[in-house]
2 protein chains.
Amino acid sequence: MSVYTSVSQDEMRAWLQRYALGELVELKGIAAGVTNTNYFVTTTHGRYVLTLFEVLTLEEVPYFLKLKSHLSRHGVACPAPIADHTDSFASLLAGKPACLVSCLSGQDVSQANAAQCFAVGEMLAQMHLAGNTFPLRMANPRGPAWWHRTAAELYRHMPADEAALLRDEIAVQASHRFDDLPHGVVHADLFKDNVLMDGDKIAGFIDFYYACNDILLYDVAIALNDWARLDDGSIDDALATALLAGYQAVRPLTAAEIEAWPLMLRAAAIRFWTSRLLDFYRPASGELTFTKDPGVFGRLLQAHRQRQQFWL
Amino acid sequence: MSVYTSVSQDEMRAWLQRYALGELVELKGIAAGVTNTNYFVTTTHGRYVLTLFEVLTLEEVPYFLKLKSHLSRHGVACPAPIADHTDSFASLLAGKPACLVSCLSGQDVSQANAAQCFAVGEMLAQMHLAGNTFPLRMANPRGPAWWHRTAAELYRHMPADEAALLRDEIAVQASHRFDDLPHGVVHADLFKDNVLMDGDKIAGFIDFYYACNDILLYDVAIALNDWARLDDGSIDDALATALLAGYQAVRPLTAAEIEAWPLMLRAAAIRFWTSRLLDFYRPASGELTFTKDPGVFGRLLQAHRQRQQFWL
């Protein structure tokens, strides 16, 4: 399913010589993931995950791998990239930028419970603290400028009432400044399918390929919009409260963050509404992606706009 | 046994706030290790080993922790130090330099089999390759200058025949130069009790506190002198051959190394004969150590001097 690029045993055996990981025992494609090709690689030393990047270039990959290495070194649960004998985390394999990372246990969950939401909030706050000492910088490629530009191309395809809602919300967001909120390294895509759980514990955050420097609270809002959302699209109060309690057990929100919170939930909804609308109306844009229902985030935005209580 | 410095639950709980590791669940002293104090630390995120350094200072500790972090990042089996929110691997706890590292599975073995010797040789070679990109430098505090100086104080305490042997060997070693042999990062103390085994696999090299820059072949000789040695003090041919085969599967020895090998085995024997003699004749020198029989290494040196075949 997600093996877009095939790697032969011989190619793998030769490429493994770059590493201190022993000899190849088994190479097995992983049928998960949307954008990249992944394999389980078992060597005489242990088990690793191989990723071949289908979109990112060899120049773009190191930021994400260095970030995962930094976070892993700080004890944040995520895959640890393995450096090769040139001290690089990535090099070409089968013509694609490729890396090896440690293999985590755990599985993603389709519906979270309150303990899991607490754990995700807690680990996210730990990730934000650990990110403080990460020296590299990355602008958010899916920030407000991107929504604005992208939405302008989408309005004409959308039903009038939805277009009006998106246009109005983007205008509301543009009229607010969040410069006084704590910034740092954010995951920016911490949905349930990007977290491996081991029961109620976090086995690891994965898929850091939207990570960047942005407002920390925005990351909390993105996570809450997915983790606390039920199948019917509504936000469950207990799950939302648990996620925020977990986060604040490590990093209590500032007064400015508490004030900005309702709008931030809406900003996080816009970001994914816009990208899903883009995938929906322009499926042939060349990106390797599966179309998901954009309406979920339109309805979530609407609900956030009418909400009176925000779990704080 | 090896808890020289006690840490209370409250001290630990407060110190853990420096890290992204969650809340303290359990703190338990470890009855192993000779020089430092070790605890198992279980938090809501996982299990770690706490080390309180009884001899090294806060200025001396980072070299060893950065080395372990570098090697771990390259997939060499060893504990991975955890960085705190100031991006440091060590800080004071109960008045001692202290660090947290990942908890490895496995146990040391009292007698190795051939498969284990192969695995140790192989991982040691991988460690030597991975060490090539480690940027820090450390002179060997237990090198030839140290033997020479230390032995000079020991001769008068030793039986005449032993003193003559040690004096002669040190002179022989001094008359040879090894400048053309490959140098790099060496463990310098890779005895069986410094390797955790998981069956025939290496779970991890531990106790890197003699690690330094020196001749790579010297590290192989130190390991062989312990791993291939039987209870009666003799070297087992099959174990020695296996260790060397494992090493050369990753890094074949050069012609110069093959030529130097017999002398290097003797150099490695001197180093431990001298330090054990020092512990034996000066037990009250203030070092926290247990006296081990020095004679083992005197007899091993004698055997190496008479040996005709060196397993290469």
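Residues numbered from 1 in each chain as written. Chains lettered and ligands numbered in written order. Predicted model: local features only at pLDDT ≥ 70, side-chain atom pairs only at ≥ 80, totals over all residues. Heavy atoms only, no water.

(A) Molecular detail of the overall build of chain A. The helix and strand inventory of chain A stands at 9 helices and 9 strands. Taking 2.2 N^0.38 as the reference for a compact globule, 312 residues should give roughly 20 Å; the C-alpha atoms of chain A span a radius of gyration of 20 Å, in line with that estimate. By the burial criterion, 55% of the 312 residues in chain A qualify as buried. Considering only intrachain contacts with a sequence separation of at least 6, the fraction spanning at least 24 residues in chain A is 73%. Across chain A, the mean location of the 26 positive side-chain charges is 3 Å away from that of the 35 negative side-chain charges. (Helix = DSSP H or I, 4+ residues; strand = E, 2+ residues; numbered from the N terminus. Rg over C-alpha atoms; globule rule 2.2 N^0.38 Å. Buried < 20%, exposed > 50% of the residue type's maximum accessible area, 1.4 Å probe, protein only. Contact = heavy atoms within 4.5 Å. Lys, Arg positive; Asp, Glu negative; His and termini not counted. Charge placed at Lys NZ, Arg CZ, Asp CG, Glu CD.)

(B) Representation of the relation of the copies chain A and chain B in the model. Between the two copies, chain A and chain B, the superposition gives an RMSD of 0.0 Å; the rotation angle is 180° and the shift along the axis is 0.0 Å. Here the copies are linked by what is in effect a two-fold axis. If distances are taken from each C-alpha of chain A to the rotation axis, the shortest is found for R73(A), at 4.4 Å. Mapped onto chain B, 100% of the interface residues of chain A are again interface residues, and the two copies thus contact each other with one and the same surface. (Least-squares fit on C-alpha atoms with pLDDT ≥ 70 in both.)

(C) Structural view of the domain arrangement of chain A. All names here are of chain A. Taken domain by domain, chain A comprises domain 1 (9–102) and domain 2 (114–306). Between the C-alpha centres of domain 1 and domain 2 there is a distance of 27 Å. With 18 residues of domain 1 at the interface, the matching set in domain 2 holds 25 residues. Summed over both partners, the interface of domain 1 with domain 2 comes to about 1,900 Å²; 76% of that surface belongs to carbon and sulfur atoms. (Domains from an automatic or database assignment. Buried area = accessible area lost by both parts, 1.4 Å probe.)

(D) Structural detail: the sheet that holds strand β4 (residues 91–93) of chain A. All names here are of chain A. What the 5 strands build is an open sheet, ordered β1-β2-β3-β5-β4; its pairing is antiparallel. Unpaired on one side and paired on the other, β1 (24–29) and β4 mark the two borders of the sheet. Sheet twist, expressed as the average angle between the axes of neighbouring strands with direction ignored, equals 35°. For strand β2 (residues 37–43) and strand β3 (residues 47–52), the ladder comprises 6 bridges, and the chain directions are antiparallel. For F40, the partnering residue across the bridge sits in β3 and is V49. (Pairing = 2+ DSSP bridges. Axes fitted to C-alpha atoms, helices over the stretch in contact; angles between N-to-C directions.)

(E) Broad picture of the packing of helix α4 (residues 144–154) of chain B against helix α5 (residues 160–174) of chain B. All names here are of chain B. Here α4 crosses α5 at 155°, and the two axes come no closer than 11 Å. Regarding the angle of α4 to α5, the classification is roughly antiparallel. Relative to α5, α4 is oriented so that their crossing is left-handed. Contacts between α4 and α5 involve W147, H148 and A151 from the first element and L166, I170 and Q173 from the second. (Parallel < 35°, antiparallel > 145°, perpendicular 65-115°, else oblique. Left-handed = near helix turned anticlockwise from the far one by under 90°.)

(F) Spatial organisation of the side chain of Q126(A). Within the secondary structure, Q126(A) sits in helix α3 (residues 114–131). Those residues in contact with Q126(A) that lie beyond four places of it in its chain are V76(A), V250(A), Y19(B), A20(B), L21(B), G22(B), H45(B) and H85(B).

(G) Looking closely at the sheet that holds strand β5 (residues 96–102) of chain B. All names here are of chain B. Taken together, 5 strands build an open sheet; the order of strands is β1-β2-β3-β5-β4 and the sheet is antiparallel. Since the sheet does not close on itself, it has two edges, and those belong to β1 (24–29) and β4 (91–93), each with one partner. The mean angle between the axes of side-by-side strands here comes to 35°, regardless of whether they run parallel or antiparallel. Sheet topology note: the strand β3 (residues 47–52)/β5 ladder contains 5 bridges and is antiparallel. Bridge pairing links T51 to C99 in β5. Packed on one face of the sheet, helix α1 (residues 9–16) meets β1, β2 (37–43), β3, β4 and β5 and runs near 125° to β1.

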